[in-house]
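# Architecture and fold: a report
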Amino acid sequence: MSRFLLALCILVCLPSLLFAADTDAAWLTGVPLDKAIRIGTGRQVVIEVSDPDCRFSRRMVRYWDLRRDVTRYVFLVALKNHPDAAEKVRYILCAPDRAAAYREVYAGKLDFDEKAADRSCDVKGVQDLHRDIAARLGAVGTPTYVINGVKVGGAKVGEIERLLGGEKIPFDAGDPE
């Protein structure tokens, strides 16, 4: 029985330990940052997987706006439990200024406005790429962040601040640490 538990622990824990072990810039290799939505100009790089209708992802936008030391590369996914998210993802990806469209959507300006989200262009390939990147990063929910090669699942501000260092910003995203 103890061998079974040890094997199970290794299978469950090893992938995340290997992912977290690579803390230099090499962890960015193979992540097509040019296909993400770039927000910010700080020296710290944060990869974000986000759903436009996830309440925790939306709350975290306010936190990230307080951090000037971060550049976020956002990959969008539409979770199945958010039926309007796919239209919002398309709206953002079709926009000439994706960062501005991201802010508009995450501020709730398209909520309950079907006509505003009706923007058509062919972004299926980009949507598929964003979904594939999210899967490759191991994101199973939103928000998911990758900071210095370490994955953070959820709006865990304390853990994010430990990884980023610098000034601590008092902020409650409502996600238990």
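Everything numeric here is computed off the predicted structure, so don't read it as measured data.

### A word on the sheet that holds strand E4 (residues 144-147)
Spatial ordering of the open sheet is given by E1-E3-E2-E4-E5, a layout of 5 strands whose pairing is mixed. The sheet is open, and its two edges are formed by strand E1 (37-39) and strand E5 (150-153), each paired on a single side. Between one strand and the next, the sheet's axes are offset by a mean angle of 25°, whatever the strand orientation. Taken together, the 7 bridges between strand E2 (residues 44-50) and strand E3 (residues 70-76) define a ladder with parallel strand orientation. Residue Val49 lies in a different strand from E3, and its bridge partner there is Phe75. Packing of helix H2 (residues 55-66) onto the sheet brings it into contact with E2, E3 and E4, and relative to E2 it is tilted by some 160°. The sheet contacts of helix H5 (residues 124-136) involve E2 and E3, and relative to E3 the element is tilted by about 110°.

### Observations regarding the pairing of E3
Two faces make up the sheet, and in a regular strand the side chains alternate between them. Burial within E3 is extensive, with 7 of its 7 residues counted as buried. Neither face of E3 is open: one carries Val70, Arg72, Val74 and Leu76, the other Thr71, Tyr73 and Phe75, and all of them are buried. The pairing of E1 with E3 spans 3 bridges and is antiparallel. Pairing of Ile39 across the sheet is with Arg72, part of E3. At this point the chain moves from E2, through H2, to the parallel E3, and the crossover so formed is right-handed.

### Section: the side chain of Glu161
In this fold, Glu161 is placed in helix H6 (residues 157-164). Those residues within four positions of Glu161 in sequence are excluded, and the remaining contacts are Tyr63, Arg67, Glu167, Lys168 and Ile169.

### Comments concerning the packing of helix H3 (residues 85-94) against helix H4 (residues 98-106)
Relative placement of two packed helices is described by the angle separating their axes and the distance separating the axes. For the pair H3 and H4, interaxial distance at closest approach is 7 Å and the crossing angle is 150°. Judged on the interaxial angle alone, H4 and H3 are roughly antiparallel. On the side of H3, the interface is formed by Lys88, Tyr91, Ile92 and Leu93, while H4 contributes Arg98, Ala101, Tyr102, Glu104, Val105 and Tyr106. Grouping the constituent residues of the contact of H3 with H4 by class yields 7 nonpolar, no polar and 3 charged.

### A few points about the confidence of the model for the protein
Per-chain confidence: the protein averages 83 in pLDDT, with 80% of residues scoring 70 or above. When mean pLDDT is compared element by element in the protein, E1 scores highest at 98, while helix H1 (residues 2-21) scores lowest at 39. Scored below 50 in pLDDT, residues 1-24 makes 12 contacts in the model with residues more than four places away or belonging to other chains.

### A word on the packing of H2 against H6
It is at 12 Å that the axes of H2 and H6 come closest, and there the two elements cross at 30°. For the crossing formed where H2 meets H6, the hand is right-handed. Across the interface between the two elements, Met60, Tyr63 and Trp64 of H2 pack against Val157, Ile160, Glu161 and Leu164 of H6.

### A few points about unusual backbone geometry
Note the cis peptide between Thr142 and Pro143, where omega equals -10°. Structurally, the position occupied by Pro143 is in the loop between H5 and E4. One non-glycine residue, Asn148, lies in the positive phi region at around 55°. Relative to the helices and strands, Asn148 resides in the loop between E4 and E5.

Criteria and cut-off values
- Each chain has its residues counted from 1, following the order in which its sequence is written.
- In view of the model being predicted, local features appear only for residues whose pLDDT reaches at least 70, and side-chain atom pairs are presented and counted only at 80 or more, with totals across whole chains, interfaces and linings using the full set of residues.
- Side-chain numbers here rest on the full set of heavy atoms in the structure, without hydrogens or water.
- When DSSP finds at least two bridges between two strands, those strands are taken to pair.
- Elements are defined by DSSP. Helices are runs of H or I of four residues or more, strands are runs of E of two residues or more, and each kind is numbered from the N terminus.
- Axis lines are fitted through C-alpha atoms, for helices just across the contact stretch, and the angle between N-to-C directions can take any value from 0 to 180 degrees.
- Whether two residues touch is decided by their heavy atoms; if any such pair falls within 4.5 Å, the residues are in contact.
- The buried label goes to any residue with under 20% of its type's maximum accessible area, the exposed label to any with over 50%, and the partly exposed label to all in between, with areas taken from a 1.4 Å probe on protein chains only.
- With its strands directed away from the observer, a crossover is right-handed exactly when the path from the first strand over the helix to the second travels clockwise.
- Every angle not falling under 35 degrees, over 145, or within 65 to 115 is termed oblique; those three ranges are roughly parallel, roughly antiparallel and roughly perpendicular.
- Lys, Arg, Asp and Glu make up the charged group, whereas Ala, Val, Leu, Ile, Met, Phe, Trp, Tyr, Cys and Pro make up the nonpolar group; the residues left over, Gly among them, are polar.
- Here pLDDT means the predictor's own confidence in every residue, given as a number from 0 to 100.
- For any helix crossing, the convention is left-handed if the near helix is rotated counterclockwise from the far helix by under a right angle, and right-handed if that rotation is clockwise.

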